[in-house]
Amino acid sequence: MTTAAILKHCYDITESYLKIDDRVTNNSTISIIKETQDLLISTKQIFLNEILPYWNPIKDNISISYNGGKDCQVLLIIYLACLYEYFYMAALNFNNLKLDTMNTFNNMNTTVKFALKAVYLRQENTFQIINEFIEESSKKYGLSLYKSNIGSMENSLKEYMIHEKWDCNYNTKQKAGIIIGIRRSDPYALNLKYIQQTDKNWPQFMRLQPLLDWKLRNVWSFLIYSNEPICKLYELGFTSLGGVNNTVRNLYLKKTKCNQNGDKCKDGTSTSSHLWNHFQWEFQHRFGSHNKDDHSEDMTIEDNSIDHEYLCNDTESYYPGWFLIDDEKERAGRTKRK
Ligand code: FAD
Ligand code: MG
Ligand code: MG
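Just so it is clear, the model here is predicted, and its values are computed rather than measured.

Trainee: Is there a simple way to explain the overall build of the chain in this structure?
Mentor: Helices and strands together make up the secondary structure of the chain, namely 9 helices and 6 strands. Relative to its full complement of 338 residues, the chain shows a buried share of 51%. Of the contacts formed within the chain by residues at least 6 apart in sequence, a portion of 75% connects residues at least 24 apart. In the form shown here, the chain has an accessible surface area of approximately 16,800 Å², with 48% of it arising from carbon and sulfur atoms.

Trainee: Looking at this structure, I do not really get the nonpolar core. What am I missing?
Mentor: In globular proteins that are soluble, nonpolar side chains generally tend to be buried together. Formed by 77 residues in total, the largest nonpolar core has its most connected members in Tyr79, Leu80, Trp214, Trp220, Phe222, Leu233 and Trp322. For this core, the element with the highest residue contribution is helix H3 (residues 70-92), accounting for 14 residues. Not counting residues within four places of it along the chain, the set of residues in contact with Trp214 comprises Thr36, Leu39, Leu40, Thr43, Val74, Ile78, Arg183, Val219 and Phe222. Val119, Leu157, Tyr160 and Ala176 belong to the second largest nonpolar core, which has 10 residues in total.

Trainee: Looking at this structure, how should I read the packing of helix H1 (residues 3-18) against helix H2 (residues 27-51)?
Mentor: Helix-helix packing is characterised by the crossing angle of the two axes and by the distance between the axes. Where H1 contacts H2, the two axes come as close as 9 Å, and the packing angle between them is 135 degrees. With respect to each other, H1 and H2 are oriented oblique. Relative to H2, the crossing made by H1 is left-handed. Mapping the contact onto sequence places Thr14, Glu15, Tyr17 and Leu18 in H1 and Ile32, Ile33, Thr36, Gln37, Leu40, Ile41 and Lys44 in H2. Of the residues belonging to the contact of H1 with H2, the class tally is 6 nonpolar, 3 polar and 2 charged.

Trainee: Sorry, what's going on with the site of ligand 1 here?
Mentor: With respect to spatial proximity, 23 residues lie near ligand 1, and among them Ser65, Leu121, Gly181, Asp199 and Arg331 are the closest. Asp199 is positioned with one of its side-chain polar atoms (N or O) 2.8 Å from a nitrogen atom of ligand 1. Taking Trp202, its side chain carries an N or O atom lying 3.3 Å from a nitrogen atom of ligand 1. When contributions to the shell around ligand 1 are tallied by element, the ones reaching two or more residues are H3, strand S2 (116-120) and helix H6 (153-164). Residue classes in the shell around ligand 1 are distributed as 13 nonpolar, 5 polar and 5 charged.

Trainee: Mind showing me how you'd approach the pairing of strand S3 (residues 143-147) here?
Mentor: Both faces of the sheet carry side chains from a regular strand, because those side chains alternate between them. Pairing between S2 and S3: 5 bridges, direction parallel. From the neighbouring strand, Leu116 faces S3, where its bridge partner is Leu143. Between S2 and its parallel partner S3, the chain crosses via helix H5 (residues 128-140), and the hand of that crossover is right-handed.

Trainee: Explain the packing of aromatic side chains here, please?
Mentor: What characterises a pair of aromatic rings is the spacing of the ring centres plus the angle enclosed by the ring planes. Throughout the structure, instances matching the rule amount to 15 aromatic pairs. Taken together, a centroid distance of 5.9 Å and an interplanar angle of 65 degrees make the contact between Tyr54 and Trp55 edge-to-face. One aromatic cluster is present, formed by Tyr17, Trp214, Phe222, Tyr225 and Trp281 through successive ring pairs. Residue placement shows Lys140 over the ring face of Tyr141; its charged tip is 5.7 Å from the ring centre.

Trainee: Can you help me understand the layout of surface pockets in this one?
Mentor: Think of a ball as big as a water molecule: rolled over the atoms, this probe shows where empty space is left. In this structure, the largest pocket spans a volume of roughly 1,400 Å³. Forming the boundary of the largest pocket are 46 residues, of which Asn67, Gln123, Met153, Arg331 and Arg334 lie nearest the centre. By residue class, the composition of the lining of the largest pocket is 19 nonpolar, 16 polar and 11 charged. Counting the residues that make up the lining of the largest pocket, at least three belong to each of domain 1 (3-208) and domain 2 (229-333).

About the thresholds
- Residues numbered from 1 in each chain as written.
- Chains lettered and ligands numbered in written order.
- Predicted model: local features only at pLDDT ≥ 70, side-chain atom pairs only at ≥ 80, totals over all residues.
- Heavy atoms only, no water.
- Helix = DSSP H or I, 4+ residues; strand = E, 2+ residues; numbered from the N terminus.
- Buried < 20%, exposed > 50% of the residue type's maximum accessible area, 1.4 Å probe, protein only.
- Contact = heavy atoms within 4.5 Å.
- Areas by Shrake-Rupley, 256 points an atom, 1.4 Å probe, with all protein chains shown as cover.
- Core = buried A, V, L, I, M, F, W, Y, C linked by side-chain atoms within 4.5 Å.
- Axes fitted to C-alpha atoms, helices over the stretch in contact; angles between N-to-C directions.
- Parallel < 35°, antiparallel > 145°, perpendicular 65-115°, else oblique.
- Left-handed = near helix turned anticlockwise from the far one by under 90°.
- Nonpolar A, V, L, I, M, F, W, Y, C, P; charged D, E, K, R; others polar.
- Near = heavy atom within 4 Å.
- Polar contact = N/O pair within 3.5 Å; in protein donor to acceptor, adjacent residues only side chain to side chain.
- Pairing = 2+ DSSP bridges.
- Right-handed = clockwise from strand over helix to strand, strands pointing away.
- Phe/Tyr/Trp six-rings, centres within 6.5 Å; stacked < 30°, edge-to-face > 60°.
- Lys NZ or Arg CZ within 6 Å of the ring centre and 35° of its normal.
- 1 Å grid on protein atoms, 1.4 Å probe; cavity = no way out; pocket = protein on both sides within 12 Å on 5 of 7 lines; lining within 4 Å.
- Points joined across faces, edges and corners; volume = space filled by probe spheres on them.
- Domains from an automatic or database assignment.

Shown next, in the form of structure tokens:
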């Protein structure tokens, strides 16, 4: 696919999601979709009005931090959709101000390589499945992905700034910007802003964080509807991706006798009651698919021998990650185990 085709594909996903109308009859489904549509509109506004005029691939001062997780994948799709809207649509509307940029953009599709910069900050002991997904998906989205040496985030980002030759001493709007899929429910993220400078002891650039207000339910609704391949660990009951040594499947997704039929546990202590797929409608009406009989749990999981011992060392089965929509429980699969 050309860069333009990738961007158009992402744009079409977002437009299609925004057009989901009152065909949905289930009240709880429609309320999640409407809420997500509002968030999608405001995230797009942040990109179109506050980010892309200052940071964009043509200025060569923007990148996305990408670790293959659901949040940065959602943000990546929206970012690519907005690039399409900002450059391509604007030129189609004969917006002279942006026409030059449009010409550059078109030329880049054919002659010059259009670099959609992304950075993966490599950590110790990562799941092979995640690494493979990062490779595959960054190819699919046409990303030019820089993989850092293994180390602390700060050091890896320092390394990346040097690699890009991005000067940390510029004024705020001239500094490079890196898109981050962080949400307010993540640790220490409650009071973050959509656009802000990195903290003092971090390499200096602008953090671009337009996904802050999204909740788990919004991320899943959009991602499942998009019909894009996602990291397979989610299908196995993971809800938050970390390293092999500190990530297990989410215990709230463990299938127990009392939650297998969606019944409430008699002792009332089990927090895994009421587990069901809130995104059935999104699955059945996935973008570009007309197969109404498709079911999420039928997805096939590819065997991956390297991760096998971590994934299959018990015989319990788990519901897929998207069965959990309580943000406070998202990180229950992250342990301090070393
Ligand atoms: P996750 O949901 O795992 O990650 C949230 C997002 O962070 C992801 O969607 C992705 O965009 C990015 N991310 C996480 N891990 C990786 C990775 N290994 N490689 C690439 N991207 C990744 N903290 C501070 O206290 N002060 C700062 O100034 C600061 N600046 C940051 C700048 C960047 C570019 C990044 C990526 C992180 C920064 N952080 C900073 C840390 C940040 O606030 C989160 O703690 C960190 O992203 C880990 O997120 P998480 O595991 O809590 O959530
Ligand atoms: Mg996350
Ligand atoms: Mg993380």
